[in-house]
Amino acid sequence: MNLATDKLVPLVMALSVALLALTACNGNGNAVATAPAPRKQVLSMPAQVGQLAFFDKNLSSGKNMSCASCHDPQYAYGPPNSISVQLGSDLKQTGARAVPSLRYKESTPAFSEDAPNPDGVTSNSPGGGFMADGRAATLATQAGMPLLNPLEMNNPSKEAVVKAVQNGAYAGLFKQTFGANVFDNTDAAFDALGTAIQALETEDLSFHPYSSKYDLYVFNKIGGVLTPAERRGEVLFHSTGVTNCSGCHYTGANFNGNSGLMTDFTYQALGAPRNDRSIPNNPDPIPANDDPAYFDMGLCGPFRTDYMPAPGKAHPYCGMFKVPVLRNAATRGAFFHNGVLHSLEQVVNFYNTRDTNPEYWYPSHGDGTGKPQANPVWALQPTAVPGATVDKYNDLPPVQQGNVDEEVPMGTGEGGEKTRASGTKPRAAGSTPVMTPQQIADLVCFLGTLSDGYQPSSAPSASGRCVK
Ligand code: HEC
Ligand code: HEC
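Residues numbered from 1 in each chain as written. Chains lettered and ligands numbered in written order. Predicted model: local features only at pLDDT ≥ 70, side-chain atom pairs only at ≥ 80, totals over all residues. Heavy atoms only, no water.

A. Spotlight on the packing of aromatic side chains. Across all of its chains, the model carries 19 aromatic pairs by this definition. Ring centres of Tyr-214 and Phe-446 lie 5.8 Å apart, and the angle between their planes is 75 degrees; on these two criteria the pair is classed as edge-to-face. Remark: Phe-446 occurs in helix 12 (residues 437-448) and Tyr-214 occurs in helix 8 (residues 213-220); sequence separation between them is 232 residues. Exposure class is identical for Tyr-214 and Phe-446. Each is buried. Ring plane angle 70 degrees and centroid distance 5.7 Å describe the contact between Phe-336 and Phe-350, whose orientation is recorded as edge-to-face. Of this pair, Phe-336 sits in the loop between strand 4 (321-322) and helix 11 (344-353) while Phe-350 sits in helix 11, and the two are 14 residues apart along the sequence. (Phe/Tyr/Trp six-rings, centres within 6.5 Å; stacked < 30°, edge-to-face > 60°. Helix = DSSP H or I, 4+ residues; strand = E, 2+ residues; numbered from the N terminus. Buried < 20%, exposed > 50% of the residue type's maximum accessible area, 1.4 Å probe, protein only.)

B. Up close: the coordination of the iron atom of ligand 1. The sole protein-derived ligand of the iron atom of ligand 1 is His-71 (NE2), positioned 2.1 Å away. Among the structural elements, His-71 can be located in the loop between helix 3 (67-70) and strand 1 (112-115). (Donors = N, O, S within 2.8 Å, 3.2 Å for Na, K, Ca; no water.)

C. Structural view of the coordination of the iron atom of ligand 2. Coordination sphere of the iron atom of ligand 2, protein contribution only: His-249 (NE2) and Tyr-351 (OH), at 1.8 to 2.0 Å. Classification of the site at the iron atom of ligand 2 as octahedral follows from its six donor atoms and the range of 87 to 180 degrees in their angles at the metal. Separated by 102 residues along the polypeptide, His-249 in the loop between helix 10 (245-248) and strand 3 (267-268) and Tyr-351 in helix 11 bring together distant segments of the chain. In this structure, His-249 and Tyr-351 share a single accessibility class: buried. (Tetrahedral: all angles 85-135°; square planar, octahedral: opposite > 155°, others 65-115°.)

D. Representation of helix 7 (residues 186-203) in the model. Here helix 7 contains 18 residues, and its C-alpha end-to-end distance of 26 Å stays within 8% of the 26 Å for a straight helix at 1.5 Å per residue. Within the sequence span of helix 7, burial applies to Ala-189, Phe-190, Ala-192, Leu-193, Gly-194, Ala-196, Ile-197, Ala-199, Leu-200 and Glu-201. N-capping of helix 7 is provided by Asn-185, with a side-chain oxygen placed 3.0 Å from the backbone N of Asp-187. (Expected span 1.5 Å × (residues − 1). Polar contact = N/O pair within 3.5 Å; in protein donor to acceptor, adjacent residues only side chain to side chain.)

E. Summary view of the site of ligand 1. Close to ligand 1 lie 26 residues, the nearest being Cys-67, Cys-70, His-71, Arg-97 and Met-131. Lys-105 is positioned with one of its side-chain polar atoms (N or O) 2.7 Å from an oxygen atom of ligand 1. Side-chain polar atom of Lys-322 to an oxygen atom of ligand 1: 2.9 Å apart, as the coordinates give it. In terms of residue count, helix 4 (residues 139-148) provides more of the shell around ligand 1 than any other element does, five residues in total. Classifying every residue of the shell around ligand 1 gives 17 nonpolar, three polar and six charged. (Near = heavy atom within 4 Å. Nonpolar A, V, L, I, M, F, W, Y, C, P; charged D, E, K, R; others polar.)

F. Local environment of the site of ligand 2. Near ligand 2 you find 24 residues, and of these Cys-245, Cys-248, His-249, His-337 and Tyr-351 are the closest. A distance of 2.6 Å separates an oxygen atom of ligand 2 from a polar side-chain atom of His-337. With respect to ligand 2, the side chain of Tyr-351 contributes an N or O atom lying 2.6 Å from a nitrogen atom. Sorting the residues of the shell around ligand 2 by element identifies helix 10, strand 4 and helix 11 as the ones contributing at least two each. At three residues, helix 11 tops the list of elements feeding residues into the shell around ligand 2. Residue composition of the shell around ligand 2, grouped by class: 15 nonpolar, five polar and four charged.

Following this line, the structure appears as structure tokens:
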């Protein structure tokens, strides 16, 4: 896409959102046949600057990459491809984490080690903040990070970024918004750019359209009737004994009163498999993982540095990543912080069989006793040898593996608090997984209702497998 069409996208999306809202219902709950002429959303001046900056490729070292290159509005502000980690502006190096969607970030509370849980019941724990490890305090400070990250937009200094704005097409609007002398102070101008981008992300409707089938279903039910499969999936999503999904992907009102973000903003250690070359035919291993001593441990670093473990010592936060918003997850092609999984079926199967069949997910070593056997098609490890030793939780150093979560559905939910270190009872290898294939299919159908841009009038409403 060139810059001109890049700029049009958010406007077009805002218009289609406004149209959808207008056609959905009137005050009496009846469908409205003809919509009034669409109105353009009026953004504040900082947000207008933010919009121009968000799509500005001149803000990268190679003048080839904008925020939208990785956070594409046509993909719910997530990546436009299924690659685990994206290439940076230098066109040589890739990042170390999967690109998240930027939708529904505006209600994220500030990071706190002692954050209250939105459910009002669960005890306080680390929660909130931006990035998978919460290291960015606000959307404004976050925006400065990709600009200066050598693996991303790769600018050598704040000065280089400010120069690009000053010499660019919207320098005038920037001065009008932030003061005639704003360019005199590099730090102040750089911070103003962050403020502008934050204003865009907070104001622009295309960052929080609430236009999924689920929204129609929850908020007015007109045109948003779930199919039997989707409805079964919704019930399962809330079942504490079977899936426990909503235990972390909280669906109630959050601190800002918005509903259904599918996160409680807490941090959990799921033990996602390491995205490296030990996965046969892995199309996109994370280059940093070539170093066996490198571990991405979320709250414990390496990108945030305030909870680093002492050498060789366990730290209770190692391996914890933020519970992501699940809206628009069905439009993604890379899942978890390291993008190691590539479909929703794989994700749900991982929850289901991480402990009952670790050989599906983690590499094995040793000869074992039996002949190689084929694993299911969705498994990361296509074959396993019975009796071989499986390197469970291989993306965490052994000393940190006690943090891995054993709540339902991964564990039995019995025993200690919720982690292995607290004495929970894991599901035994070889035992029967908690979810049936039908239940997994239903859950995936439900997750599909969380994608924005649902058109109630267009038929059929769900793909074949989600109808019955
Ligand atoms: C090269 C790809 C790339 C580019 C370009 C990029 N980002 Fe990101 N973005 C990422 C990745 C990867 C993460 C996750 C990083 C992490 O969790 O440590 C991320 C995370 C974020 C988050 C945090 C979301 C959350 O869930 O907390 C925000 C906000 C964001 N980016 C905004 C921006 C803005 C604004 C720009 C432009 C100034 C930008 N990004 C440019 C890759 C990119
Ligand atoms: C113990 C808390 C917890 C439970 C229970 C849980 N999740 Fe998650 N979920 C997380 C965390 C934390 C992540 C991010 C993990 C990471 O990045 O390594 C995640 C990630 C995901 C993702 C990937 C999203 C993305 O953008 O990468 C999906 C999809 C998902 N969960 C669906 C579910 C479903 C469906 C269930 C129920 C079967 C469920 N989760 C149960 C905590 C939980």
